2 protein chains.
Amino acid sequence: MTKIQYPLPGNVINDVVDALKFDDRGLIPAIAQQHDTGEVLMMAWMNADAVRESLTTGRVCYWSRSRNNFWRKGESSGQVQSLKAFRYDCDADTILLEVHQDGVACHTGRRNCFYLEAGNDGVNIIADVVTDPGELYKK
Amino acid sequence: MTKIQYPLPGNVINDVVDALKFDDRGLIPAIAQQHDTGEVLMMAWMNADAVRESLTTGRVCYWSRSRNNFWRKGESSGQVQSLKAFRYDCDADTILLEVHQDGVACHTGRRNCFYLEAGNDGVNIIADVVTDPGELYKK
């Protein structure tokens, strides 16, 4: 696999943004996967400008629906996602980001966000807190 | 990891449906990951009834937005997804399905749907067709 260098050329970024199908809010879901282990870390949303920024900087930038602003992953927590590959699906309506996650992806201090599992005895927490959230978001 | 047996108890299914945050269309995104290799296969949507059915049968059932109906994965193609674990994230607004995919997940006949990758030379197709789509959908 050829290593991808960022920024991507402007014409490639334009082609990607043109190909992607953003929803009626101008958003598209983006799954982040740790590139070497396959761990699914989180899912968040991007708009066209967040896609452009991510493909330019090589650092993952989402769009925060709650803050209605760019969400440069790691900006406040230090837990940056470096982009290894930007993929999208057959319908061009979902993005799969292959990333290297510094530290933890989840705001609870867990490595990934999918730590709740439906089992025969109820819903179980299947991952431990790795980093105290108070440490993540202190100034 | 304890093997999960389906159907889950009714009270667990109720707890899961109550916990999940469905959007204003009554839908929630669900990522399907091959449980043993970590391959991200696809993303689709579920409504509450699709969640209930999946946790009852142990076979993944989505909600098709285009057909406005249940989408029992493999019903027409034979490419069934058996549920190994049903997880959801810290915000309870995304599901991660650990599955065993029979055959191929993608309607193009590729193993997974995320075969388009943005590279320095353009957007590349990074996975081959494994099964002729004509074979998948013939009667």
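Residues numbered from 1 in each chain as written. Chains lettered and ligands numbered in written order. Predicted model: local features only at pLDDT ≥ 70, side-chain atom pairs only at ≥ 80, totals over all residues. Heavy atoms only, no water.

Colleague: Mind showing me how you'd approach helix 1 (residues 10-19) of chain A here?
Modeller: Every α-helical turn comprises 3.6 residues, leaving residues that sit three or four positions apart pointing alike. Listed as buried for helix 1 of chain A are A:Val12, A:Ile13, A:Val16 and A:Val17. Buried residues along helix 1 of chain A cover an arc of 135 degrees about the axis, so they all sit on one side. Residues of helix 1 of chain A that are exposed and point more than 90 degrees away from the buried face comprise A:Asn11 and A:Asp18. Buried residues along helix 1 of chain A sit against helix 2 (48-57) and strand 5 (81-88) of chain A together with strand 7 (116-119) and strand 8 (122-125) of chain B. (Buried < 20%, exposed > 50% of the residue type's maximum accessible area, 1.4 Å probe, protein only. Helix = DSSP H or I, 4+ residues; strand = E, 2+ residues; numbered from the N terminus. Arc of directions from axis to C-beta. Contact = heavy atoms within 4.5 Å.)

Colleague: Can you help me understand the sheet that holds strand 5 (residues 81-88) of chain B in this one?
Modeller: Adjacent strands of a sheet form backbone hydrogen bonds with each other and so pair up, either parallel or antiparallel. Spatially, six strands are ordered 8(A)-7(A)-5(B)-6(B)-1(B)-2(B) in an open sheet, and the strand pairing comes out mixed. Since the sheet does not close on itself, it has two edges, and those belong to strand 8 (122-125) of chain A together with strand 2 (40-46) of chain B, each with one partner. Averaged over all pairs of adjacent strands, the angle between strand axes in this sheet comes to 35 degrees, irrespective of strand direction. Of the pairings in the sheet, the one linking strand 7 (residues 116-119) of chain A to strand 5 of chain B comprises three bridges and is antiparallel in character. Each bridged residue has a counterpart across the sheet, and for A:Glu117 the counterpart in strand 5 of chain B is B:Arg87. On the sheet, helix 1 (residues 10-19) of chain B packs against strand 7 and strand 8 of chain A together with strand 5 of chain B and is oriented at approximately 60 degrees with respect to strand 5 of chain B. Running at roughly 120 degrees to strand 5 of chain B, helix 2 (residues 48-57) of chain B makes contact with strand 2, strand 5 and strand 6 (95-101) of chain B of the sheet. (Pairing = 2+ DSSP bridges. Axes fitted to C-alpha atoms, helices over the stretch in contact; angles between N-to-C directions.)

Colleague: Hey, could you run me through the pairing of strand 7 of chain A in this one?
Modeller: On a regular strand, each side chain points to the face opposite its neighbour's, so the side chains alternate between the two faces of the sheet. All names here are of chain A. By the alternation rule, side chains of strand 7 split into Leu116 and Ala118 and Glu117 and Gly119, which are all buried. Sheet topology note: the strand 7/strand 8 ladder contains four bridges and is antiparallel. Bridging across to strand 8, Ala118 finds its partner in Val123. Hairpin connection between strand 7 and strand 8: a loop of two residues separates the two successive antiparallel strands.

Colleague: Looking at this model, I keep getting lost on the packing of helix 1 of chain B against helix 2 of chain B. Mind explaining?
Modeller: In helix packing, the relevant descriptors are the interaxial angle and the interaxial distance, both defined with respect to the helix axes. Residue and element names in this part refer to chain B. It is the contact of helix 1 with helix 2, at a shortest axis distance of 10 Å, that shows an interaxial angle of 145 degrees. Considering the relative orientation of helix 1 and helix 2, their crossing is right-handed. Contacts between helix 1 and helix 2 involve Ile13, Asn14, Val16 and Val17 from the former and Ala48, Val51, Arg52, Leu55 and Thr56 from the latter. Partitioning the contact of helix 1 with helix 2 into residue classes produces six nonpolar, two polar and one charged. (Left-handed = near helix turned anticlockwise from the far one by under 90°. Nonpolar A, V, L, I, M, F, W, Y, C, P; charged D, E, K, R; others polar.)

Colleague: Help me understand the nonpolar core in this model?
Modeller: In a soluble, globular protein the nonpolar side chains are often hidden away together inside. A:Met46, A:Phe86, A:Leu97, B:Met46, B:Phe86 and B:Leu97 are the most contacted members of the largest nonpolar core, which has 70 residues in total. Not counting residues within four places of it along the chain, the set of residues in contact with A:Phe86 comprises A:Tyr6, A:Val16, A:Leu20, A:Met46, A:Val51, A:Leu55, A:Ile95, A:Leu96, A:Leu97, B:Leu116, B:Glu117 and B:Ala118. Formed by 16 residues, the second largest nonpolar core is a distinct cluster that contains A:Met43, A:Leu96, B:Trp63 and B:Phe114. (Core = buried A, V, L, I, M, F, W, Y, C linked by side-chain atoms within 4.5 Å.)

Colleague: Please clarify how helix 2 of chain A should be interpreted in this entry.
Modeller: All names here are of chain A. Among all positions of helix 2, only Ala50, Val51, Glu53, Ser54 and Leu55 are buried. Its buried side turned inward, helix 2 meets helix 1, strand 2 (40-46), strand 3 (61-64), strand 4 (69-72), strand 5 and strand 6 (95-101). Directly after helix 2, the chain includes Gly58, whose backbone phi takes a positive value near 75 degrees.

Colleague: Help me understand the interface of chain B and chain A, please; the structure alone is not making it clear to me.
Modeller: By a widely used convention, the size of an interface equals the accessible area lost when the partners come together. Chain B puts 42 residues into the contact, and the matching count from chain A is 42 residues. Both sides of the chain B and chain A interface together cover about 3,300 Å² of buried area, and 65% of this is carbon and sulfur. At the boundary of chain B and chain A, one finds four salt bridges. The salt bridge involving B:Arg87 is made with A:Glu117; its shortest N-O contact spans 2.7 Å. Where chain B packs against chain A, one counts 14 residue pairs in polar contact (both at pLDDT 80 or more). If you list the elements that add at least two residues to the side of chain B that touches chain A, you get helix 1, strand 1 (28-34), strand 2, strand 5, strand 6, strand 7 and strand 8 of chain B. (Buried area = accessible area lost by both parts, 1.4 Å probe. Salt bridge = Lys/Arg side-chain N within 4 Å of Asp/Glu carboxyl O. Polar contact = N/O pair within 3.5 Å; in protein donor to acceptor, adjacent residues only side chain to side chain.)

Colleague: What am I meant to see in the relation of the copies chain B and chain A here?
Modeller: Relating the two copies of this chain is a rotation about some axis coupled with a shift parallel to it. Its rotation angle being 180 degrees, the transformation that places chain B on chain A also includes 0.0 Å of axial translation and leaves an RMSD of 0.0 Å. Here the symmetry operator amounts to a two-fold rotation axis. Ranked by how close their C-alpha atoms come to the rotation axis, the residues of chain B are headed by B:Gly38, at 2.4 Å. Both copies contact each other with a shared surface, as 100% of the interface residues of chain B are interface residues in chain A too. (Least-squares fit on C-alpha atoms with pLDDT ≥ 70 in both.)

Colleague: Just checking my understanding: could you explain the side chain of A:Gln101 for this structure?
Modeller: Residues and elements named next belong to chain A. Mapped onto the elements, Gln101 comes out in strand 6. Among the residues examined, Gln101 registers a relative accessible area of 1% and is labelled buried. Within the structure, Gln101 has its side chain in polar contact with the backbone oxygen of Gln79 (distance 3.1 Å). Among residues more than four places away in sequence, those in contact with Gln101 are Gln34, Leu41, Lys73, Gln79, Val80, Gln81 and Arg111.

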